[in-house]
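Chain residues, written in single-letter form:
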Amino acid sequence: HSSPAAGVRDDWWNPRWIPFTHDGSGNHLCLDLDPSEGGTVGQVITVWHDSGERALLAPSLCEWLAQRITTMQ
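What counts and how
- Residues numbered from 1 in each chain as written.
- Predicted model: local features only at pLDDT ≥ 70, side-chain atom pairs only at ≥ 80, totals over all residues.
- Heavy atoms only, no water.
- Helix = DSSP H or I, 4+ residues; strand = E, 2+ residues; numbered from the N terminus.
- Rg over C-alpha atoms; globule rule 2.2 N^0.38 Å.
- Pairing = 2+ DSSP bridges.
- Axes fitted to C-alpha atoms, helices over the stretch in contact; angles between N-to-C directions.
- Contact = heavy atoms within 4.5 Å.
- Phe/Tyr/Trp six-rings, centres within 6.5 Å; stacked < 30°, edge-to-face > 60°.
- Lys NZ or Arg CZ within 6 Å of the ring centre and 35° of its normal.

Caption draft 1: The arrangement of the overall build of the protein in detail. Broken down by element type, the protein carries 1 helix and 6 strands. Secondary structure elements of the protein, listed N to C terminal, follow the sequence β-β-β-β-β-β-α. Over its C-alpha atoms the protein spans a radius of gyration of 12 Å, differing by no more than 12% from the 11 Å that the globule rule assigns to 73 residues. Each of the three principal axes of the protein carries a C-alpha extent, and together these read 40 × 30 × 15 Å.

Structural data, given as structure tokens:
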């Protein structure tokens, strides 16, 4: 089990977490297609290979991209 943010399942890994980034060391940002109660399908979460923390970064991929664009300006 993991230590998830609200709205994220407490799984260590879930096949419905779809990685869309990686760092070559097993760490990913994932689209969460299986959120827990209070979460949103498609929210962006962190999945680190050696940590149980599952942070919620954005409620959607579009919102996550908008955040990245804002920080680049």
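Caption draft 2: The pairing of strand β2 (residues 17-22), seen in detail. Pairing of β2 with strand β3 (residues 28-32) involves 5 bridges; the strand directions are antiparallel. Counted as the bridge partner of Thr21 is Leu29 from β3. Here β2 hands over to β3 after 5 residues, with Gly24 in that stretch at a positive phi of 85 degrees.

Caption draft 3: Summary view of the sheet that holds β2. Strands sit in the order β2-β3-β4-β6 across an open sheet of 4 strands; the sheet is antiparallel. Unpaired on one side and paired on the other, β2 and β6 (56-58) mark the two borders of the sheet. Each neighbouring strand pair of the sheet contributes to a mean axis angle of 35 degrees, computed without reference to strand direction. With 2 bridges joining them, strand β4 (residues 43-47) and β6 adopt antiparallel strand pairing. Its bridge partner lying in β6, Ile45 is registered against Leu56. Running at roughly 75 degrees to β6, helix α1 (residues 61-72) makes contact with β2, β3, β4 and β6 of the sheet.

Caption draft 4: The packing of aromatic side chains, seen in detail. For the structure shown, the criterion picks out 2 aromatic pairs. Measuring from centroid to centroid gives 5.9 Å for Trp13 and Trp17, while their planes differ by 90 degrees, and the two rings are edge-to-face. Pairing Phe20 with Trp64 gives two aromatic rings, centres 5.1 Å apart and planes at 80 degrees, and the pair type is edge-to-face. With Phe20 in strand β2 and Trp64 in helix α1, this residue pair connects regions lying 44 residues apart in the sequence. Here the basic side chain of Arg54 rests over the ring of Trp12, its NZ or CZ set 4.9 Å away from the ring centre.

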